[in-house]
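Reading the structure
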Amino acid sequence: MDILYQVFIDPFVQMVELPDFFLQVLWEGFVSGVLYALIALGFVLIFKASGVFNFAQGIMVVFAALSLVGLYALGLPAYVALIATVGIMGILAYTVERTIFHHLVNQPDIILLMATIGLTYFLVGFGEFVFGGDPKVMITEELGLPTGSTAFDVLGGLVILQHIDIAAAVIAIIMVACLAVFFNKTRIGRALRAVADDHQAALSVGISLDQIWMIVWFAAGIVALATGIMWGARSDVSFALEIIAFKALPVLILGGFTSIPGAIVGGLIIGIGEKLGEIYWGPLVGGGIESWLAYVIALVFLLFRPQGLFGEKIIERV
Amino acid sequence: MFYREAGQFKTTYEADQAIFPILQDRMGIAVIMVLALVIPLFATDFVLASIMIPFLIFALATVGLNVLTGYAGQLSLGTGAFMGVGAYACYKLTTIFPDMNIVVMVLLSGIFSAGIGIVFGLPSLRIKGLYLAVTTLAAQFFLEWCFIRIPWLYNYNNSGAIEVPERTGFGGMVLAGPASPPITRYYVVLAIVVAITFLVKNVIRGRIGRTWMMIRDMDIAAELMGVRPLFAKLSAFAVSSYICGVAGAMLVFFWLGAAEPSSFSITVSFQILFMAILGGLGSLIGCFYGAAFIWILPVLLRTLLPSMGLDIASETVEHVSRMVIGALIIFFLIVEPHGLARLWQIGKEKLRVWPFPYA
Amino acid sequence: MTQTVAPAGGEDTFPKLLIRNAGIWADRPAIREKDLGIWQTWTWAEVLDEVRAFAAGLAELGLKRGDKVAIVGSNRPRLYWTMCAAQSLGAVPVPVYQDAVAAEMTFVLQHAGARFAVVQDQEQVDKLLSISDDLTDLERIVYDEERGLKDYDHSRLHPFAAVQETGRKTLASNPQAAADLDASIAAGKGSDIAVILYTSGTTGQPKGVMLSFDNTVISAKLACEFDNLTQTDEVLAYLPMAWVGDHIFSYAESYWSGFCVACPESPETMLQDLREIGPTYFFSPPRIFENLLTTVMIRMEDAGPLKKKMFHYFLGVARRAGEKILNGEPVAFSDRVLYAIGGFLVYGPLKNVLGMSRMRVGYTAGEAIGPEIFRFYRSLGLNLKQLYGQTEASVFVTVQPDGEIRADTVGKPAPEVEIKIDDSGEVLYRSPGVFVGYYKNEEATRATKTAEGWVHTGDAGFFDNEGHLRIIDRAKDVGHLTDNTLFAPKYIENKLKFFPNIKEAVAFGHERAFVAVMLNIDLTAVGSWAERNNISYASYQELAGLPKVYEMLEEHVVEVNRDLSTEPRVAGSQIHRFLVLHKELDADDGELTRTQKVRRSYIAEKYEPLITALYDGSKEQDIATEVTFEDGRKGEIKACVKIVDVQTFGIETQQEAAE
Amino acid sequence: MSVMEAGTPAAGIRGAAATSAETAARETLLSVENITLSFGGVHAIRNVSFEIAKGEIRAIIGPNGAGKTSMLNVINGFYHPQEGLISFRGQERRRMKPYEAANQGIARTFQNVALFRGMTTLDNIMAGRTLKMHRGFFWQCLHWGPALKEEVEHRHKVEEIIDFLEIQAIRKTPVGRLPYGLQKRVELARALAMEPDLLLLDEPMAGMNLEEKEDMSRFILDVNQQLGTTIALIEHDIGVVMDLSDRVVVLDHGEKIADGMPADVQANKAVIEAYLGVEH
């Protein structure tokens, strides 16, 4: 009975007893959820337009952050380095499309997935070769991002919000808004949606698949850069970040592979759920459950709704 | 060119369904087996311990993954963890039964891995494709977490790692531990790998293997032909995990000599997956090609690049070899998505119809 | 074997030979058939058991000594057993070409008066039933494959297996029946008629050649000794069972020497089966070798340029040195080395793919083989030999002995064969294999076989300095142009047919001013050429009429003319004009015999307007032709056929003949 | 000769009168009663009943979207109807898994060829024998003794089917390389390997040329006559349906609009309106 109490009652008692701490945890979860969501967003962009599950999204985040820091270290002013990094992501998108996916059109999904895993390997090797394997510090201040923190008096306690986290949330919201506008209001955006719906139809209205793929990879690169800056500001910039790419998978499972709102919601669910789990239930089993909780959440979820939160029910036909 | 098949006709189904129905293939495999047996006479301990033993072990793990992914069509990213289960199971077994033959322990430890594999395979009944990858990722991270958080598994060592004690078998031969000679370990590993590969081949060409492939190729049709998805998928998970578990136990006991949880990290899972893909999904011979390629190529790069007069830091070599492997994977996917085994098969087909371009 | 078998009373009949074989080679394979995916194999002991069971079953059904048993179907162990089973009872097997249409079959079965027919499948049963009103003698039909026949009226239809089953039961339960069978086998003697083989005949109705056991057994014995055939050899039986070649090679010689005969799974898989078996002893009409060569060349067309180059380079080496090496003549060391390399890279694999790796002895017979084709195979190192034979001779008239192989002769007289050439140039022979007579056709027998036992071959020929016989053509086909130049149509036709693009050629010129030919393109070869060159065509007719095709064929004809001009005896018969026929010559339309020989006079009659046009200088000619479709319906096709003049050459006097 | 009339396997020989008397006397193999199937409110099948007699060839026809394939899916347990009863060999069933249907002796082919593309023709047909093979994992590992014996026995059966359908030449060809018509034949072979009591054929002749259709018709008739297998087939080619089938059910918009002898159905006004008049 004791164990049941510890699992089902005690954590909630704790939440109620220390509401400020609970809020703090929620906020932490929310922030990491935002970052998960951003990574997932990169996946969704590419998956939606090309059906490629881009495993390299995580490494693109690292690669973008490293490029930024590396260019700055070479002596470029911060903003010039930022623009140059955007250029690098553009070149990367172009190269990836030309050398890899251009040759893999019409291959099965699994092959495309494997190609992105190969790309991951290559980028890791390449990144380490160029930038070295040591962790770097993100040039947060130089980019004019806020540092420091503000403490709020809430519910009889203090909740501390890092400014950079607030900025991250704001930037994420702006980015999602921009993407929404891009998809709904611009010609290219509409073209992208056409491709997602029907490759043949898109081709017949005169849209080049190659261009579309380049654009989505570039867009995903910019999302990766933003993610890299945010994540880098909270911790070091290193290849250890790669691991967060795996977190995107449960996020996508929850949100569906093609839904931008799904990515956001899924990211938040995972981020918050993970933090709550770690803080309130983790100690029961010795902690560190953050490493796998996200997957178990997704897994449990899948068992009840195999098509994801925003996916449509699958009717199998023979 | 080398194939002279005229006159090789089959008068029984047994002969027709043999693993190597063509005489020249049988000769080829015999030559390879003889080479494998006599290699230790020429090779240094370094070659045995750092190239051949890990190559064989990785090849076996790849066989395990291939059963699941290549033959049963269930994508798995948790190979490393299943190998870990085997390793830790073996460690605990040999702690409890220190006098038992270590080879027996290694083979038994796979059973634990198989059990865990079945548990994590259960969701595959409802979940397919990429979605299933999540299940196996959950297994990977959860099991890795277990290796860290359950001190009982590593006998409450302060280091959190497992150290292979000296273990004997077959009349007092030292088979594991720091004192065991590489040549002994090589032969043990070779025997286990060959035996398991042979058994797997048998399963694959029989009824059970066919049900796996049916599920892989067209699960709905398979079900309408009387295949029970539950049994087909779980048996694939069990066999696959068993083999991975044995490979994991061998990895620690016959190669590394010590291991910590990171020895079975997701990196290992990916490494094995690459071996399977590069070698060719759905091909046993491909497992060996893939393992050779991914394992031996970096070793070669490490030895060759410096010897070519390029004085490069060892970590740079590491980086370069990663890039090369990444690029090669992409290259192979573009040139031949079905891996080295398919290239081999095409080559063989060409030789069989030589001088004609096709049959 | 549980039942006792009467002691072999000698080796003069096949049933007795079978008993001998079952004794000395009880566990050696006697016959195989690719069936249900594998080579089902019967040992000699098992064959004896099967044959006895079937014989006993036939006896139960009422088969008597002297009855005729028609055998219709492709090469199957059961049909071969039928021969021996019938012979065991003293009945005479009459194999019939299985692709004959019902009307052709009517004649043979009526003429032979077959009481029983053992056939392969429903198709043959249907055929026989459709003509059964005309076959008053036919009482029972036994069939091998039961498929589709379940619902037929079985009052006179019997499944093979059921007949055997009855036979087995009778043999087991009735000692008298077994004794009768043994007695019947023992009663057989060498002079009995062993088989009646109907020759397709290039003109007129088929004639039934009666061969005695002495004829066939002795012929088989001599042939086996000549080529050292033993029980370890393997043979593929794929030629029509009604052809004397198959009867002697796949039946008689097998029973004599004990070698194993393999039956292919189906005609479509013949080449695959040939490759699997890899026979050590191979027998084939030139047509098969021609077709194989054509396929080889076509398939190589798709190879990469480097490989193609290598292939043709080594074929060149083989042409230069291959035959000499095979004949044991001196060859330059460099050529020997090159030939060895070529053996590894080209000849070995090629022989392997063709299923000829293990071939120890190969024969081509039936008609003359193009010298180039013959040399091609010889240069690969295959011991391919020519044989000249006839149904009336139980095949063997002349054979090329090992080491004396020449493309342009048919060899020396076979063992125990005497040959003479009469004043008109016709070849006559006398041998132990000479047939007993034509069945129910005394007149024809007298016309062919003299009182002294000499048989007219109907072929013109002569012996060369080395004692080899050279056949020029059918005696009645050799003619003269109006200027009295020798005109040997087949000689010219064979030269033309060497080109893969030409499937069939018919030459005219007898009592005419010059030689002209009609050609048939090879649809496979020319079609593949058209495909490679992006030339589209809807039909054979359209393809045959394409100007580009004409150009290509004209080159071939000019090539032949150049060749002819180097041979003084025939230089005058160069081709002046040719045309490409708008349809394929077809046995169903009566233009070819069932053995795919050209029926020259029939064609001359049928395409009279075209022949006139060939000689009156017209540039084109309209023609309408009746054709028979596969299902037996008739139709008519119309075409306008172009006629082309060809360059000819002056006679070159060459002194190389002495070489 | 009397043999002739009885024996010719030509398609048209089944006299309508004889057949109707025959089928009436035959026992029912499968019956569906008042089946209703819907997906999220959309009715695919509405209150359809018919029965299939043992040994007959039963055609199910109707315009596109009439619910024909859904009907087959219901029969072999892939879809579960909301209402209605199915009885097979006299036993009622409501809900069953596809592999249970397979176990009871129902086999089928698919509208879009559903072969196991990674396997050879031989392996595909061997796959059809799955249910008949029982050796456990241990023997499978060894592939020796009883397991080998079993494998060889079933190979023999499969070879008989290969022989029956005349696909010897493609025995060891991976099915992905085969032309469409042959793939369909391999699929039929695979279904036959199950030795079913009831064979469901979903448009067995779709996308075939005339010659291939003739071959396939012959094989279907052979299967029915030689092996005695009951066949239910969906087919668009009306000529084929009329020649092949003993009785025809016509569906339109998920409802049954006619059921009877081919000739009667062909003359039925509702059918002509719904189906025969419509161009496809």
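Above: the structure in question.
Below, the structure is looked at part by part. (Residues numbered from 1 in each chain as written. Chains lettered and ligands numbered in written order. Predicted model: local features only at pLDDT ≥ 70, side-chain atom pairs only at ≥ 80, totals over all residues. Heavy atoms only, no water.)

**Quick word on the pairing of strand β5 (residues 116-119) of chain C**
Residue and element names in this part refer to chain C. Residues F116 and V118 line one face of β5 and the alternating positions A117 and V119 line the opposite face, and both faces are buried. As paired elements, strand β3 (residues 68-72) and β5 share four bridges and run parallel to each other. Counterpart to V69 in the pairing with β5 is F116. With four bridges connecting them, β5 and strand β6 (residues 140-143) associate as parallel partners. Bridge pairing in β6 links V118 to V142. Chirality of the crossover, the property in question, places the unit of β5, helix α5 (residues 122-130) and β6 among those that are right-handed. (Buried < 20%, exposed > 50% of the residue type's maximum accessible area, 1.4 Å probe, protein only. Helix = DSSP H or I, 4+ residues; strand = E, 2+ residues; numbered from the N terminus. Pairing = 2+ DSSP bridges. Right-handed = clockwise from strand over helix to strand, strands pointing away.)

**Details of empty space enclosed by the protein**
All names here are of chain C. Here the structure, examined in full by the defined rule, presents eight cavities of 30 Å³ or more. Within this model, the largest cavity holds a volume of roughly 110 Å³. S219, L222, F396, A414 and P415 are the residues nearest the centre of the largest cavity, which is lined by 15 residues in total. Partitioned by chemical class, the residues of the lining of the largest cavity number 11 nonpolar, three polar and one charged. (1 Å grid on protein atoms, 1.4 Å probe; cavity = no way out; pocket = protein on both sides within 12 Å on 5 of 7 lines; lining within 4 Å. Points joined across faces, edges and corners; volume = space filled by probe spheres on them. Nonpolar A, V, L, I, M, F, W, Y, C, P; charged D, E, K, R; others polar.)

**Remarks on the interface of chain B and chain D**
Listed as interface residues are 29 residues of chain B and, on the opposing side, 39 residues of chain D. Between chain B and chain D, a total of about 3,100 Å² is buried, with carbon and sulfur atoms accounting for 65% of that surface. At the junction of chain B and chain D, the tally comes to three salt bridges. Of the charged contacts, one joins R155 of chain D and D16 of chain B as a salt bridge, the two residues approaching to 2.8 Å between their closest N and O atoms. There are 12 residue pairs in polar contact (both at pLDDT 80 or more) connecting chain B and chain D. Among the elements of the structure, α1 (13-16), α7 (182-204), α8 (207-217), α9 (219-224) and α10 (229-256) of chain B are those that each provide at least two residues to the side of chain B that touches chain D. The element contributing the most residues to the side of chain B that touches chain D is α8 of chain B, with eight residues. Split by residue class, the side of chain B that touches chain D holds 15 nonpolar, five polar and nine charged. (Contact = heavy atoms within 4.5 Å. Buried area = accessible area lost by both parts, 1.4 Å probe. Salt bridge = Lys/Arg side-chain N within 4 Å of Asp/Glu carboxyl O. Polar contact = N/O pair within 3.5 Å; in protein donor to acceptor, adjacent residues only side chain to side chain.)

**Details of the sheet that holds strand β8 (residues 193-199) of chain C**
Residues and elements named next belong to chain C. A sheet is described by the order of its strands in space; here three strands give the open sequence β8-β9-β19, paired in antiparallel fashion. One side of each edge strand has no neighbouring strand; the edge strands of this open sheet are β8 and β19 (437-438). Note that β8 and strand β9 (residues 207-212) share six bridges and pair antiparallel. Looking across to β9, one finds that V195 is bridged to L211. Packed onto the sheet, helix α8 (residues 213-226) meets β8 and β9 and runs at close to 70° relative to β9. (Axes fitted to C-alpha atoms, helices over the stretch in contact; angles between N-to-C directions.)

**Examining unusual backbone geometry**
The bulk of non-glycine residues show a negative phi, and the bulk of peptide bonds are trans. The residue after W354 of chain B, namely P355 of chain B, is reached through a cis peptide bond having omega 0°. Phi is positive for S394 of chain C, which is not a glycine, with a value near 50°. Structurally, S394 of chain C is set in the loop between β14 (384-390) and β15 (395-399). Its identity is not glycine, yet N34 of chain D carries a phi of approximately 50°, on the positive side. Here N34 of chain D shows up in strand β1 (residues 28-39).

**Quick word on the interface of chain B and chain A**
Residue-level contacts link 35 residues of chain B with 46 residues of chain A. Interface area for chain B against chain A, summed over the two sides, is near 3,900 Å², with a carbon-plus-sulfur share of 80%. Seen at the junction of chain B and chain A, the total is two residue pairs in polar contact (both at pLDDT 80 or more). When contributions to the side of chain B that touches chain A are tallied by element, the ones reaching two or more residues are α6 (129-149), α11 (266-279) and α13 (314-335) of chain B. Here the side of chain B that touches chain A takes 12 residues from α13 of chain B, the largest share from any one element. Residue composition of the side of chain B that touches chain A, grouped by class: 27 nonpolar, four polar and four charged.

**Section: the sheet that holds strand β8 (residues 230-234) of chain D**
The strands making up a sheet associate through hydrogen bonds between their backbones, and the pairing can be parallel or antiparallel. Residue and element names in this part refer to chain D. Read across the open sheet, the six strands follow the order β6-β7-β8-β3-β9-β10; overall the sheet is mixed. In this open sheet, the two strands that pair with only one neighbour each are β6 (106-108) and β10 (255-260). If you compare each strand with its neighbour and ignore which way they point, the axes differ by 20° on average. Relative to strand β7 (residues 198-202), helix α3 (residues 68-75) is tilted by about 150°, and along the sheet it contacts β3 (57-61), β6, β7, β8 and β9 (247-252). Set on the sheet, helix α8 (residues 180-193) makes contact with β6 and β7; between it and β7 the angle comes to about 160°.

**What about the side chain of K583 of chain C?**
Residues and elements named next belong to chain C. As for its placement among the helices and strands, K583 is situated in the loop between β26 (575-580) and α20 (600-606). In this structure K583 comes out as buried when scored by relative accessible area, which is 6%. A distance of 2.9 Å separates the side chain of K583 from the side chain of D589, its partner in a polar contact. Not counting the four nearest positions on each side in its chain, K583 is found in contact with N520, Y540, D589, E591, K606, Y607, T625, V627 and I637.

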